[in-house]
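# Breakdown of the fold
Each chain, letter by letter, is given below.
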Amino acid sequence: TNLGSSTHTVGTWSSNRTVRVLWTAASDAHSGLAGYDTRSDSAAGTVLTGSIDTGATVTSKTTTLPGGSWYFHIAARDTAGNYGATRHIGPFRLDGSNPSGPTGLNSPSHTPGAWSNLTNVQIAWTAATDPQSGLNGYDTAWNTSATTVLAGTVDTGPSVTSASRSFGSGTAGIYFHIAARDNAGNYGATRHIGPFSIDTARPSATISIDGGNVS
């Protein structure tokens, strides 16, 4: 009874692929408890009547599993060979892999490394993908560091494939950074583009006429 997990919430994606399941011990009034048959698989209703793999005094099991959706099953057996009903818990949704992308990071408005008099910098990309838990969104940042690594707060939705920001004249060396996050909390590699530099000021000139200066 009281089948539960100390590491995972049923039905919620997690990047932790090591699942610990707990239970309250079974009992047997006649021949006594021999132990438990346990199994993890992708079926919700698996019925166990096989070999004992867990001792009668054990009340937890820790298993490391591949990515995907998993159920844990357990059935008690007494020393006379009788099996109790199989109990189930799950699904445990596991995703230990990082999302891929985004790719194709570019600026439709500016050339990285070149000065521009356009104050609004536009960025575009091809959406990231995640085959297991799915894409949750993107963490993005603008700053003057070329190598910023992001793994913080998602601020852009999963279907968004562009961003823009306006800067004042004289702003130089600005980079845009983006990292994808999946629904299990895994972050992909941070992508970078830049630097972007803005200059909207007109140049000043001094012209000499007949020995006089006219600005």
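A few points on the structure. (Residues numbered from 1 in each chain as written. Predicted model: local features only at pLDDT ≥ 70, side-chain atom pairs only at ≥ 80, totals over all residues. Heavy atoms only, no water.)

Inspection of the secondary structure assignment puts Trp-70 in strand S7 (residues 68-78). Sequence spacing of Trp-70 and Val-10 is 60 residues, and the spatial spacing of their C-alpha atoms is 9.8 Å. Excluding residues that lie within four positions of it along the chain, Trp-70 makes contacts with Ser-40, Asp-41, Ser-42, Leu-65, Gly-90, Pro-91, Phe-92 and Leu-94. From its side chain, Trp-70 meets the backbone oxygen of Pro-66 in a polar contact 2.9 Å long. (Helix = DSSP H or I, 4+ residues; strand = E, 2+ residues; numbered from the N terminus. Contact = heavy atoms within 4.5 Å. Polar contact = N/O pair within 3.5 Å; in protein donor to acceptor, adjacent residues only side chain to side chain.)

A word on the layout of surface pockets. Taken as a whole, the largest pocket encloses approximately 220 Å³ of empty space. Along its surface, the largest pocket is lined by 14 residues, and Thr-1, Ala-26, Ala-76, Ala-85 and Arg-87 are the ones closest to its centre. A total of three residues in the lining of the largest pocket trace back to one element, the largest contributor, which is S7. In terms of residue class, the lining of the largest pocket is made up of nine nonpolar, four polar and one charged. (1 Å grid on protein atoms, 1.4 Å probe; cavity = no way out; pocket = protein on both sides within 12 Å on 5 of 7 lines; lining within 4 Å. Points joined across faces, edges and corners; volume = space filled by probe spheres on them. Nonpolar A, V, L, I, M, F, W, Y, C, P; charged D, E, K, R; others polar.)

Before going further, it helps to examine the side chain of Thr-38. Within the secondary structure, Thr-38 sits in strand S4 (residues 33-41). Side chain to side chain, Thr-38 and Asp-53 meet in a polar contact 2.9 Å long. In terms of polar contacts, Thr-38 uses its side chain to reach the side chain of Lys-61, at 2.6 Å. Contacts of Thr-38, omitting those with residues within four sequence positions, involve Leu-48, Asp-53, Thr-54, Lys-61, Phe-72, His-73 and Ile-74.

What follows is about the packing of aromatic side chains. Here a ring pair, both rings aromatic, is described through the centre-centre distance and the interplanar angle of the planes. Under the definition given, this model contains six aromatic pairs. Ring centres of Trp-23 and Tyr-36 lie 5.5 Å apart, and the angle between their planes is 65 degrees; on these two criteria the pair is classed as edge-to-face. Of this pair, Trp-23 sits in the loop between strand S3 (18-22) and S4 while Tyr-36 sits in strand S4, placing them 13 residues apart in sequence. Overall, the relative accessible area of 7% leaves Trp-23 in the buried class. Residues Trp-125 and Tyr-138 carry aromatic rings whose centres are separated by 5.6 Å and whose planes lie at 70 degrees to one another, so their mutual orientation is edge-to-face. (Phe/Tyr/Trp six-rings, centres within 6.5 Å; stacked < 30°, edge-to-face > 60°. Buried < 20%, exposed > 50% of the residue type's maximum accessible area, 1.4 Å probe, protein only.)

With that settled, the discussion passes to the sheet that holds strand S15 (residues 191-198). Note on sheets: strands pair through backbone hydrogen bonds, and any given pair is parallel or antiparallel. If you walk across this open sheet you meet the four strands as S10-S15-S14-S12, and the pairing is mixed. Among the strands making up the open sheet, the edge pair consists of strand S10 (115-116) and strand S12 (135-143). Summarising the sheet, strand S14 (residues 174-182) and S15 pair through four bridges and their orientation is antiparallel. Its bridge partner lying in S15, Ile-178 is registered against Arg-191. (Pairing = 2+ DSSP bridges.)

Function-wise, these values are silent; they only describe arrangement.
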